[in-house]
Every structure is written in structure tokens, then in C-alpha cells.
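Notes for the structure review
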Amino acid sequence: MPRESWRPPRTLLVLFLCSLLSGLLLAGGSGAQEATPSLRLETGAHVAPIRATSMDRDGRYVVTASEDKTARVWDAGSGALLAVFRPPSAAGNDGKLYAVAMTPDGSTFAAAGWSSNNDIYLVRRNDGQIIHRISGLPDVLTHLSFSPDGTMLVAGLWGKQGVRLFLGADGWSSAREMQGDADFSDEVNATAWSPDGKSLIVSSADGFLRAYEVTSKGLKLLSRDTLVGTGIPFGLAFSPDGQSLAVGTADQGNVALLDARTLKQKKQLSPAQAGLSRSLSVVAWSADGKRIYAAGTWTTVKGQFALCVWPDAGMGTPASVIPLTSNTITALHATRDGRLLYASADPAWGILAADGQPLLGIGNNLLDFRNLRSRFRLAGDASGVAFREARPAGTGEAFDIRQLAWAKPGKEWQAPRTMSGRTNIDNWFERQRPLINGKALTLDAGEWSLSASVSRDGEHVAVATNHKLHLYDRNGRELWRTAAPATPWQINISDDGRWIAAAFSDGTLRWYRQPDGSEQLALFPHADGRRWVMWTTSGHFAASPGGEGLVGWQVERGPAQAADFFPVSRFRAEYYRPELIAEVIGKGIGKATPTALAESGVHPTGGKAILERLPPTVRIVSPDAQSITRDNEVKLQVAVRAPEDAPATQLRARVNGQLVTLPALSALRNMRTKNKGESIFEVPLSLPMLDAQILLFAENKHGVSSEAALTVKRPPTELPREQDQATLSTPAGQSGPAGVDLRPNLYVLAIGVSKYQDPSIQLEFAAKDSTDLSNFLKTQEGGLYRKVSVRLLTDSGAKRDDVLDGLEWIRRELTARDVAMVFIAGHGVNDSDSTYYFLPQDVNIKSLKRTGVIFTEIRNTLVSLPGKAMFFIDTCHAGNVLGTGTRSLRMDTTAVVNELSSADNGVIVFAAATGRQYAQESPDWGNGAFTKAILEGLRGQADYNKSGRITHKMLDLYVSERVKGLTEGAQSPVTIVPSGVPDFPLVLGKR
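Residues numbered from 1 in each chain as written. Predicted model: local features only at pLDDT ≥ 70, side-chain atom pairs only at ≥ 80, totals over all residues. Heavy atoms only, no water.

1. A short note on the packing of helix α12 (residues 929-941) against helix α13 (residues 952-966)
Our working rule: Structural elements are reduced to axes, namely lines fitted to C-alpha atoms, with helices fitted over the stretch in contact, and the angle between N-to-C directions of any two is expressed from 0 to 180 degrees. Numbering goes from the N terminus for both helices and strands, where a helix is a DSSP run of H or I of at least four residues and a strand is a run of E of at least two. Small angles under 35 degrees read as roughly parallel and large ones over 145 as roughly antiparallel, with 65 to 115 read as roughly perpendicular and the rest as oblique. The sense of a crossing depends on the near helix, which, turned anticlockwise from the far helix by less than a right angle, makes the crossing left-handed and, turned clockwise, makes it right-handed. Any two residues having at least one pair of non-hydrogen atoms within 4.5 Å are treated as being in contact.
The contact between α12 and α13 brings their axes to 9 Å, and the two run at 135°. Taken as axis vectors, α12 and α13 run oblique relative to one another. In this structure, α12 meets α13 at a crossing whose hand is right-handed. Contact with α12, carried on its side by Ala-929, Phe-930, Lys-932, Ala-933, Ile-934, Glu-936, Gly-937, Leu-938 and Gln-941, involves Leu-955, Tyr-958, Val-959, Arg-962, Val-963 and Leu-966 of α13 and no other residues of that element.

Structure (C-alpha cells):
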């Protein structure tokens, strides 16, 4: 059997480099925009190949366009994601982006690819909103580039449609078409403007280079030439002086160096080192004119996709080779200050210094399912799946659906078979005619088989191609086919014959019913081995702590507006149903279909139901996403949009994670926009003396919007000393009279119950845990904290009323400058509605609603605190809680952790265990494992760099590893820090 590694099928290599596999082009139509919301991944990075990149003239911003139907704007210095553009899209190819270009001033970018009307979208870089749409072009867009002065945009097209030229006006809020050239016999590969903007070069798959003069009317053809030899011209780059042109080739491992005026070849550049592939399709020329860069599918002898660099403008020393990625390099862009931007089909992108050293690398968050065949193993009933090599930590290599947890794979789990009984499949890897028992299967044009599996009884064969899943009987008769959501690298049939599982290039694993091929479940396991989310097509989901933001609903707004995106967390109350997800595998045939899941709940499900419960959207129109100011106040222009039947009721703000009170909407200046249901409000906001991360939220009757973010930086000379920053982190109390102590106060509410009134649920160390932590924190008075106030509630002092009084106490006492820590240890349960209750000392399990402390009491306290809020939860202890006859009770704090730590609630959460794990305690430790690790960390063990202080990130790192070590991997604590909350010191230690 040939070694599995990803590469485009050999005969499709050139088309792959053109960014449009013929199979992909055949995989869907350009029909009308779909109105029903669809579920989409959102990992904070691309999940499909990056096809194009661009930068502004000064190299501040990077924009990347991908087949995942998004364009993303990044900060070129830090790699921070600044904005996401979601073009109007539908099923199949509609919405995939193959081209992107940013205006030189960085205010706007153009994006295009496959759309129903062959559109070019002009998009505001700051917030990803469409400001103008050029529509009705005759074919798919393959390339875009702006003129050096940003006034003109050239577009290259697929097929034989050539190039179009547009002149922009009013910041590209309008455009008119100028004279182009439609006399081509194949698609456009690339375009390049001369540095003075007076000429344009176009490369095409028809083998020609075309040179144009740019006139007041448009493009005037000057010459049309082929390259010397058989190379198909692809990437183009002018020398800075405009005298020479570097041309990459789609089918050869060389670069042609041409005279830019005559297009006559001056030299051919080839790497001295032998490569495994022969394509150097993308090129760039350094701003100082000294270096020529080229890359593509060219690899080193070790199989690394590499960058070739010729010094001396290609006239002297042989090329040096810099290995970069594990997949095709799809774009290069040189900056004026000597840096080099690259992107790849991994998908990934990065920036190199002039000397080739990496400055920044932004990868993806996807597990790579290539080369995995023998390790892609299924449990006999498909309730468990293994998808990566075993790791030393013992997690993240397999997943158990029934337990909704990372797992170790069972020894009996089965890898895909190619033979069983009297059935075998041959010729299936990267082939167009796989054989079942010697009979050739007929695939569609452009389809290539990538994986196959024979059922245990030999009656069925599943085949995954580059864009479909097929099921055949042993005679080669097709039973069904279904479109693949991404490239399927692996496929397997469960031993019980009920399920087909597949692993895709977007990092998802999906389960299909064997009888009809209908998708039932999807799992996205994050590459960090900690986060995951699992969902059904109806929208029901389960997730790990921190996993709810990894998938969401995309809502289309018509052909001229960017789509909205709402994480599934915004619909948690209705659709977070882990108990249903865990049952799908067992009840999948005829019962656990999306319809059945809907019938088991109280809410309508699916995309159309989502439209009836949409929260608002909010975006910051101005100032820019990253601003520098010396002022103590900023005035924001904030656009708020909400459904007509659910108008926005209020705005919320958090600055560096802390709640800031805003005026009522009725008190703010209000301007209507052209977008239906949208208004722009002027919002004044006080700033701290530190750099500030501002998050804004809008609320309506359905819930809270996703955040709109703004980073405000102070000039470096004005930033306070590090030791003073803890006292200046909120807008309140920035300064005071000389001699006034501005250190924060620490308020601690510590609750621990070991001795319950119910003798069947006793614990050993919960009360001691809360006592020991309280005693330690008292020692911090006079150091980082001016005063430490503790309310300790244990055993008989932790009855329901005591707990509620304690929550009221900390809410009453805390100010914006202070820090709150709430620690609870004991038992906690979820009722049949998934509502979480902490069990106080006097709880009656049979009367839980009356005697337990409902989560909303804890939540309402923590999210309303004006200062920094931290919540430590250690309530997943083993005990007889579930053995009291109330079978509907279970233990799972995931929903609690996710809700409190959402960006709008702003609470840092330390949880003792994940999912349905038990928290461990032992006399050998004298505490629970969680508290023991916290105390060790705060006492100095977490101070890895000996700075004399322990921050929450340092404590997280220590506690995570220490608890795993103490419990031999049986307990995995988790810390979730909301977005917008900076790291800050919790305690001071010894230097």
C-alpha cells in the first residue's frame, strides 16, 4: 500500500496551484443565497487552505483569504486577529474566497472567489463589513490587486474571461468599470502592477504573459509572450526599480527573470538543491531589490515545503533554501521594511525577517488526519474514536462519546479494513477508479479516492473521495453518496455496521448513519488536546470548558451584506444538551435523528428556529481597532443592530475584563444607518492609565451579542511601573491625593462543606480546603493588598442561608479597584434540566430547588462585581449523591464554567475537574488535589521565573500540571480566562 501523504492528485497539480481544483468546481452550484442559518466552525484561525494574502503599504495589517469562506485581518506585529469577513455564501462552493487585495493605506480590502453573482466585495478592514459590491462578472474570480496609489483594482477571472479593471471613488464606496481584456483562452493566474502604476503584467494558464499600458480609459495591450521553455507562468513580482520581472511557474521548479519592458528572458533561476516537487509558483522581490523569493510545491529532499531565496537580485550566489511549512506555499509578499509574508495551504501564515529568521508564525488549531489510517480506529459501536498517536500525557488521542470526554483508545477498536470475508477494495488511494472485488467504480469527473473501508461482514464498502462520501455493496453498486464538508482524509465503518465515521481536513470528525448516509454528529477536537465541541445538525451541542466558541450559526443577510456569526454559546439555555449528545450513538437508527432530538426538548431546533431567537450584533465603527491615546476618555461610535421584534435594550462594557457602567441607550446620541434595524450610538468611556482592552456588548430579550473589541494603547513613556499597575487597572481611582494608598482590597468568600446533614454524602477535606486557602490569603494583607477581608463558611456554618448571605456580602463590599475570590468546595449536581446546584450543608436532595443554592445566585453575584472576579469551583467529588434514588441528578460543571467565563460575564474560573471527572482528595495530601496545588502554587511553586509574584496565568500552568501528576491523570483541572482580561498578580511571593 502506498504511503499516505497529502498532495493533490498528480494530474491536478497545476489546477491546485491555480487555487481551484476541478473537483471542487464540480462540487456545488452557484445557486441563490441560502436563507437558513448554517453551522460553521470558528477556531480563531482558518480551517481550509489560504489561497491569497495581502498587506497595506506600511506592513501593519495582513489579510488572508481562504476556502473556508472567510477573510481574516491580522495585526502584522503580534498576529492578533482583528476582524473576520464572512461573505454571503450558500452550500457547496458558494462563498469560497480565492483572491484578496488590500489598499495601500490599509483602510479597505477587496475579496472575491466563487459566488452566485461572481461578486467582488470591497470590505472595511476595521470591522469586516461590505462597503461596496461589484457584481455580475462573467466567471469565478481568481486574482485581485490594487494599483500602487490604491485608485484602481484589477480582477483576474476563471475560464476565458481575462481581466477587468475598476476605478474606485469615495474610499471604494463606489466603482466604475474601465477597459479590460477578455481575449484569453484560459484562466488568469496572477497580476502585477509596475511600481509607478503605469503598466500591468498578467499571467495566464494559457501560457502567455500579457503586458498592458494603463491609460485613462483602461488597459491597452502592449505585448503577449510565452516563457522560454514549457513553463506555465504563474506568480509575478516587479523589481523595485521596475526594470525586471520575476515570474514563477506552475509546473516547473524554476523562476524566469525577465526584462520588464520587453518580457525577454534575462536569466533562469533554479535551486541548486534537488527538490521532490518541481513547482515554484509564487514569487516576491525584496524592497531593496537584493533578494528574489520563490515557493510553491517545491520541497526539500526531506519533504519540507520550502522558500528559495536568491541574493544579488538573482545574478550571483545560488539560492538558499528555508524549510517553512508542511503543505503548499500559496502566497508571498515582501514589505517595505524587508520582511516577508508567506501563507500556505496548511492553513498557516507567517512573517520572516530579512535574514530569513521567523518573526511570527500563525498556524491553525486543527488536528491533521493525514497519514493516520492505521490509527483511525473505531469502537465496535462507534461510541469511541481514536485519531492521533498516543501522547505522554495520555489525553487528546481519542474521544468517548458516551462519556463526552477525552479517552484512551480501546485495544479492540478497529482500523479501516481493505478486506473482509470475500470482499476487498484495491487501487483506492489517490485513484479515480478504485476496484471492489476487481470491479472498477465510476467516480465523477474530478473525483479522486482518498480513503476506503470494508465492513466487518464484507457486505459494504465506504469510499471517501476529495469531495464526496460513497457507500457501495460488495458488488460495486452505489447505495448512496453525500457531499463532504471538507476533504475527507479517513473513513471507517463500525463493526456493528450501523455507523460510518470520517475525518476531514477542517479538523472535524463526523458520524453518518450507514443505511442512508445522513449526518448525525460532528466533533471538533481542538489541537490543544483540551477543548472540544460536539453537535448535531439541529444545533444541540455539548462542549468542554472553553469549547463553546468553536462552532456557531452563520446567518446570511443577503447578497450585499456580510453574514453574521453567533457562537452556539449564545443559545446555551436552549441547545446545550450533553445528555442527548451522549445518547445519539446508541439511539441513532431511527431515534436520535435531529427530529427526534427536537421532540425530546422544549424548544424548536435547527437553523430556522435560530432566526427566532437572535441576539443583537455590535461593532465599533470608530476609533480604529487599535488606537494610541493620551486621553483619559474615548468616544466610541458603536453600531448596534437587532431584529425588529427584539430591539436592543442596553449596552454593556468591560475594560480589561472589569464591568463599566454605561448610560442607557435612550441617553446616547443615536443615528440610523442604511442597514435595516441598525443604529450608531456615541458612547463615552473612561480609560485606565494602562493599555486597555475594551469589550462592548449589546443585549436584547434573546440574550447578549458577541463582543466588539477595541485595544487602546498608552504611549510607552506614560505607562506606570509594573509594580503600580495592579492599582491602576480600572477607570475608577486612577489617581488620588498624595499619600493615599491606592492598593486594592481582597475580598474572599470561602465555602467548604465536608459534614453534611445527609450522612450519605460526607466528604473529608472540603471544609479544610476552604479554611487553608483562607488562612493563606490573610497573610497577603499589607503586601499586594491594602486589606484582606475573609468570610469563611464551613460545615454547619455553610447552610443555604449562610451561603446566600455570603454572596450578598461580597457583592456589597467590593469596589471597582478591588479583587474578589469566591471558593466553593463540596458537592454540586445538575438536575434533569441541566441546572446546576451547589449543595449547602443543610440540603435535602429530594427538595433540591428549595434547599440547594441554584447557580443563578452565584452567577448573578459574580457577574455584577465591579472589580476583578475569580471563581474556584471544586464540587465534582465522588460520593453517594447520585445514589439517593434521584437518578435524574448528575455532576457536570462545564456549563457553569463556560457561562461565567464568557467575555460578557468576565469571571476567571478555576475548575477542579473537567466534564464528568471526579475531584480527588486523599489523607496523604491533607487536602483535595485541587486545593493542594493552588496552595503550593500561591506559596511560590508557580513562580517559575522567580519574579516574586504569582499571576493567574502562572497559577493556571502550575495547577494544571500538578493536579494531573498527583492524580496520575485521573483529574484534569481547567482554567478559563475570558477574552479581554489581562494577566495580573494574585499574590506576592519571595524574590
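2. A few points about the packing of aromatic side chains
Using the following cut-off: Each pair of aromatic rings taken from Phe, Tyr and Trp, with Trp reduced to its six-membered ring, is defined by centres within 6.5 Å and is described as stacked if the planes are under 30 degrees apart, edge-to-face if over 60, and tilted in the remaining cases. Residue burial is assigned from relative accessible area. The probe radius is 1.4 Å, only protein chains are included, and a residue is buried under 20% of its type maximum, exposed over 50%, and partly exposed in between.
For the structure shown, the criterion picks out 14 aromatic pairs. Measuring from centroid to centroid gives 5.4 Å for Phe-146 and Trp-172, while their planes differ by 70°, and the two rings are edge-to-face. Of the two residues, Phe-146 sits in strand β10 (residues 141-146) while Trp-172 sits in the loop between β12 (163-169) and β13 (174-181), which places them 26 residues apart along the sequence. Per residue, the accessibility class of Phe-146 equals that of Trp-172, and both read buried. Here Phe-369 and Phe-387 contribute two aromatic rings whose centre-to-centre distance is 6.4 Å and whose plane-to-plane angle is 75°, an arrangement assigned as edge-to-face. Residue Phe-369 is located in the loop between β29 (358-362) and β30 (377-378), and its partner Phe-387 is located in the loop between β31 (384-386) and β32 (398-400); the two are separated by 18 residues in the primary sequence.

3. Digging into the side chain of Asp-181
Rules: Positive charges are assigned to Lys and Arg, negative charges to Asp and Glu, while His and the chain termini are left out of the count. Salt-bridge detection follows one rule: a side-chain nitrogen of Lys or Arg within 4 Å of a carboxyl oxygen of Asp or Glu. Polar contacts, as used here, are pairs of N or O atoms within 3.5 Å; protein pairs need one atom able to donate a hydrogen and one able to accept it. Residues neighboring in sequence count only if both atoms are side-chain atoms.
Along the chain, Asp-181 falls in strand β13. At 4.5 Å, Arg-210 is the nearest oppositely charged side chain to Asp-181, a buried residue that forms no salt bridge. Within the local environment of Asp-181, its side chain forms a polar contact with the backbone nitrogen of Asp-183, the two atoms lying 2.9 Å apart. In this structure the side chain of Asp-181 is engaged in a polar contact, spanning 2.6 Å, whose partner is the side chain of Tyr-212. When residues no more than four places from it in sequence are discounted, the contact partners of Asp-181 are Gln-161, Gly-162, Val-163, Arg-164, Arg-210, Tyr-212 and Leu-221.

4. Remarks on the packing of helix α8 (residues 800-813) against helix α10 (residues 855-863)
The following threshold applies: Amino acid classes used here: Ala, Val, Leu, Ile, Met, Phe, Trp, Tyr, Cys and Pro are nonpolar; Asp, Glu, Lys and Arg are charged; the rest, including Gly, are polar.
At a minimum axis distance of 9 Å, the contact between α8 and α10 shows a crossing angle of 10°. Relative to α10, the element α8 is oriented roughly parallel. Contacts between α8 and α10 pair Leu-804, Leu-807, Ile-810 and Arg-811 from the former with Glu-857, Ile-858, Asn-860 and Thr-861 from the latter. Partitioning the contact of α8 with α10 into residue classes produces four nonpolar, two polar and two charged.

5. Some words on the side chain of Thr-893
Positionally, Thr-893 belongs in the loop between β66 (868-874) and α11 (894-900). Apart from the residues lying within four places of it in its own chain, the contact partners of Thr-893 are Tyr-836, Ile-873, Thr-875, Cys-876, Ala-913 and Gly-915.

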